[in-house]
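# Chains, contacts and geometry: an overview
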Amino acid sequence: MKKLSTSKQMAINMVAAIVSFLIGTGINFVLAPYLVKELGSETYGFIGLANNFVQYATIVTSALNSMSGRFISIEYSKGNIDKASRYFSSVLVADLIIAGVLLLVSSIITFNIEFILNVPENLVDSVKILFALTFATFIISVITAIFTTAAFVKNKLYINSLRDIASNTLKLLLIVILFSFFPAKVYFLAMASLASGIFLLLTNIKVKKKILPEVKMNFNLFSFKLVKVLISAGIWSSIGYLSTALNSGLDLLICNLTLGAGLMGLLSIANTVPHCIDNLITTIANIFTPRFTILYAKGNTDLLVEETKFSSKIMSFLMTAPLAGFIAFGNKFYTLWQPTKSPDEITIIQILSVLVCISYLFTCHTRTLYNLFTVCNKLKVSVLISLVSGVLTVIIVLLLIHFTPLGIYAIAGVSSVFIGLKAIVFVPLYAAHILKIKLTTYYRSIFRGWFCFAVVITMFIFINSFVHANSWISFLLLCAASGLAGYAVSVPLIFSRKELVLIKDKIKKNFKKS
């Protein structure tokens, strides 16, 4: 098979990841208003809350799995196939043990859910089934995780994206069948997710055997010493997940316990689009990580610095128009997307969404830089700062709920402030520090990204004041035209003339090779 150039492989990885993301997001967009209509926003909120509980469980599993791809990739890049095999096998055995423990703990939580959360009496049985299926899907994903490292090691993340596309297609098919032939239930989405999770496990095992056969999967290669190495490195990632949960992952839980299931439902609806945007930022940022890891393993620091700077600009370019468009046209979108909601409820949902999205104006420029901490195994300082900000977030939110009229707005807004501050103040400086380069290296591209956002959102707000989109067709046409204009404006504002020439030459070169 002809070996692809680095730039072409990166492009394929990115396109596949975005397509996979769009399909998964499309399912949520189509399904969410239907579920709200059929089940009510109060019931819909428990779907998001169940997924949040999975995020809490990730705090435990990430100590092992977050760093496995990094260590296996480095050993493989150095030609240490035997050690890479021992890492792989050790993680697999440890994951199976963790899965067994999680099965026990999740069963206890599920059977006692009505004593842990505020669950309306008529929803107890359905919510228990929802949590049981959601936990089962997560447990399967814990085992699946090690097999996805094969694509990471080979820098062929498009393979994982293609599997995700297939699994989402299966998920969509099952959702259509369940909601077409049976009365709507809150756990139907979880049932479809479980089936797609099993599909991913089986197909990723097959993919690993095909593209990374030299890295052996053998229980006899298990090494407790290597597991300790991974956990020692990954414990900071685990604490990082705890910090994430404290910063924003507790929002629905806090809302449920302090403000009730009704407002939790509105917050869950408001979180849907911002979380999709956050997933898109993470998905695109992760595309660069295998390349960063390979360059770091080979000690090519100069090229690593150049690629991190360029990746920051790519992120700014790709995310500016969607973020500006959502903020500018959000009210129109929610009016069409949630037709069962009153104008007052639409306003609340829109305000909450914008509050959540504020942090993304900062993280979209620095998310690839944050991944450097994992690549260089320098997570400790970053995680400690996140943990402190997470604890402060929870404390301040609870104080504001009890002593001010901000209520639900405090839940959405406080975390954005802390996440944004860390992303723009700490991440660029620490990334430059660990690479031993000038501390202000990354700020020039970040400031260009901000200026670009200011120009684009001003343009979108101006357009929004003159265009009235009262149907999906007119709204989509508005978004398409505005998006094209936004990207056209972004190109010269984010990239220098030299960078544009290099991009043009790379595209021409890749087309000629094709």
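Structure first, text after, so check above.
What you see as residue numbers is a count from 1 along each chain, following the sequence as written. Only residues with pLDDT of 70 or above have their local features reported here, since the model is predicted, and side-chain atom pairs are shown and tallied only from 80 upward, although totals for entire chains, interfaces and linings are computed over all residues. The basis for the side-chain values is all heavy atoms of the structure; hydrogens and waters are excluded.

### Concerning the overall build of the protein
So the rule is basically this: We count a stretch as a helix when DSSP gives it H or I for four or more residues in a row; a strand needs E for two or more, and each element gets its number in order from the N terminus. With the radius of gyration taken over C-alpha atoms, the globule rule is written as 2.2 Å times the number of residues to the power 0.38. Each residue is placed in one exposure class: buried if its accessible area under a 1.4 Å probe, protein chains only, is under 20% of its type's maximum, exposed if it is over 50%, and partly exposed if it falls in between. When checking whether two residues touch, look at their non-hydrogen atoms; a contact exists if any pair is within 4.5 Å. Within this scheme the basic residues Lys and Arg register as positive and the acidic residues Asp and Glu register as negative, but His and the chain ends are omitted. Where a charge lies is defined by one atom per residue type: Lys uses NZ, Arg uses CZ, Asp uses CG and Glu uses CD.
Each helix and strand counted, the protein has 20 helices and 0 strands in total. Taking 2.2 N^0.38 as the reference for a compact globule, 514 residues should give roughly 24 Å; the C-alpha atoms of the protein span a radius of gyration of 23 Å, in line with that estimate. Taken along the three principal axes of its C-alpha coordinates, the protein extends 60 × 55 × 45 Å. Within the protein, the fraction of its 514 residues that count as buried is 54%. For the protein, restricting intrachain contacts to residue pairs at least 6 apart in sequence, the fraction spanning at least 24 positions comes to 83%. The average position of the 43 basic charges and that of the 19 acidic charges among the side chains of the protein differ by 15 Å.

### Quick notes on a nonpolar patch on the surface
We count it as follows: Candidate patch residues must exceed 30% relative accessible area and have no salt bridge, after which like charges are joined if within 9 Å and Val, Leu, Ile, Met, Phe, Trp or Tyr side chains if within 5 Å. Per-residue accessibility takes into account occlusion by the displayed protein chains alone, with areas from the Shrake-Rupley method and a 1.4 Å probe. Whenever a carboxyl oxygen of Asp or Glu lies within 4 Å of a side-chain nitrogen of Lys or Arg, that contact is scored as a salt bridge.
On the surface, I97, V101, L104, V105 and I108 cluster together to form a nonpolar patch covering roughly 480 Å² of accessible area. Structurally, the position occupied by V101 is in helix α4 (residues 81-111).

### Focus: the environment of A190
Topologically, A190 is positioned in helix α8 (residues 188-211). A relative accessible area of 8% means that A190 is categorised as buried.

### Section: the side chain of T149
Summarising the element assignment, T149 is placed in helix α6 (residues 124-153). According to the relative accessible area criterion, T149 is buried, its value standing at 6%. Filtering out sequence-adjacent residues up to four positions away, T149 remains in contact with S68, G69, I72 and F88.

### Let's talk about the pattern of salt bridges
Across all of its chains, the model carries 5 salt bridges by this definition. A salt bridge links R86 to D82; the nearest nitrogen and oxygen atoms lie 3.4 Å apart. Placement of both R86 and D82 in helix α4 is noted, with a separation of 4 residues, approximately one turn of the helix. Given a relative accessible area of 27%, R86 falls into the partly exposed group. Where K309 meets E306, a salt bridge forms, and the shortest distance between an N and an O atom there is 4.0 Å. One end of the pair is K309 and the other is E306, both in helix α13 (residues 301-337) and 3 residues apart, which spans about a single turn. Its relative accessible area of 29% is what places K309 among the partly exposed residues.

### Section: helix α3 (residues 68-77)
Taking burial as the measure, the 10 residues of α3 include 9 buried ones, the bulk of the element. Within α3 the residues assigned to the buried category are S68, G69, R70, F71, I72, S73, I74, E75 and Y76.

### Considering the packing of aromatic side chains
We apply this condition: Any Phe, Tyr or Trp ring, taking Trp's six-membered ring, that has another such ring centre within 6.5 Å forms a pair; planes under 30 degrees apart are called stacked, those over 60 apart edge-to-face, and the others tilted. A ring is scored as having a charge over it whenever the NZ atom of a lysine or the CZ atom of an arginine sits within 6 Å of its centre and within 35 degrees of its normal.
By the definition in use, this model includes 25 aromatic pairs. On the numbers, 5.6 Å between centres and 85° between planes, the contact of Y187 with F188 is edge-to-face. Seen in terms of ring centroids, F426 and Y430 are 5.0 Å apart; in terms of plane orientation they differ by 20°. Their pairing is stacked. Within this pair, F426 and its partner Y430 are both found in helix α17 (residues 408-434), separated by 4 residues, close to a single helical turn. Neither F426 nor Y430 differs from the other in exposure class; each is buried. Positioned above the aromatic ring of F88 is the side chain of K208, whose terminal nitrogen or guanidinium carbon lies 5.0 Å from the ring centre.

### So, the environment of Y442
Mapping Y442 onto the fold places it in the loop between α17 and α18 (443-466). Of the residues examined, Y442 reaches a relative accessible area of 0% and is grouped as buried. Residues Y442 and N80, 362 residues apart in the sequence, show an inter-C-alpha distance of 34 Å. Apart from the residues lying within four places of it in its own chain, the contact partners of Y442 are V305, T308, K309, L369, L372, P428, A431, A432, L435 and I437.

### Section: the nonpolar core
Convention followed: Nonpolar cores were defined as sets of buried Ala, Val, Leu, Ile, Met, Phe, Trp, Tyr and Cys residues, with membership established by side-chain atoms within 4.5 Å.
In this structure, F46 and I277 are the most contacted members of the largest nonpolar core, which totals 148 residues. With near-sequence residues (within four places) excluded, I277 lies in contact with M319, L323, F326, C357 and Y360.

### A closer look at the environment of L242
Tracing the backbone shows L242 in helix α9 (residues 224-249). According to the relative accessible area criterion, L242 is partly exposed, its value standing at 32%. Expressed as a C-alpha distance, the spacing of L242 and M191, which sit 51 residues apart in the sequence, is 27 Å.

### Structural notes on the packing of α17 against α18
This is how it is decided: Only the contacting stretch of a helix is used when fitting its axis, a line to C-alpha atoms as for every element, and angles between N-to-C directions run 0 to 180 degrees. Comment on the angle field: the value is read as roughly parallel under 35 degrees, roughly antiparallel over 145, roughly perpendicular from 65 to 115, and oblique elsewhere. Polarity classes work like this: nonpolar for Ala, Val, Leu, Ile, Met, Phe, Trp, Tyr, Cys and Pro, charged for Asp, Glu, Lys and Arg, and polar for all others, with Gly in that last group.
Two elements in contact, α17 and α18, have axes separated by 11 Å at closest approach and are oriented at 150°. In terms of orientation, α17 and α18 fall into the roughly antiparallel class. Counted together, I424, V425, P428 and L429 of α17 and Y443, I446 and W450 of α18 form the full contact between these two elements. Looking at the contact of α17 with α18, its residues break down into 7 nonpolar, no polar and no charged.

### Quick word on unusual backbone geometry
Phi angles above zero are rare outside glycine, and K436 is one such case at about 60°. Here K436 is to be found in the loop between α17 and α18. For K436, a relative accessible area of 75% translates into the label exposed.

### Describing the state of the cysteines
Applicable threshold: We call a pair of cysteine sulfur atoms a disulfide when they lie within 2.5 Å.
As enumerated under the stated definition, the model contains 0 disulfides in all. Considering cysteine sulfurs only, C276 is the nearest to C357, which forms no disulfide, with 10 Å between them. Taking relative accessible area as the criterion, C357 reaches 0% and is therefore assigned buried.

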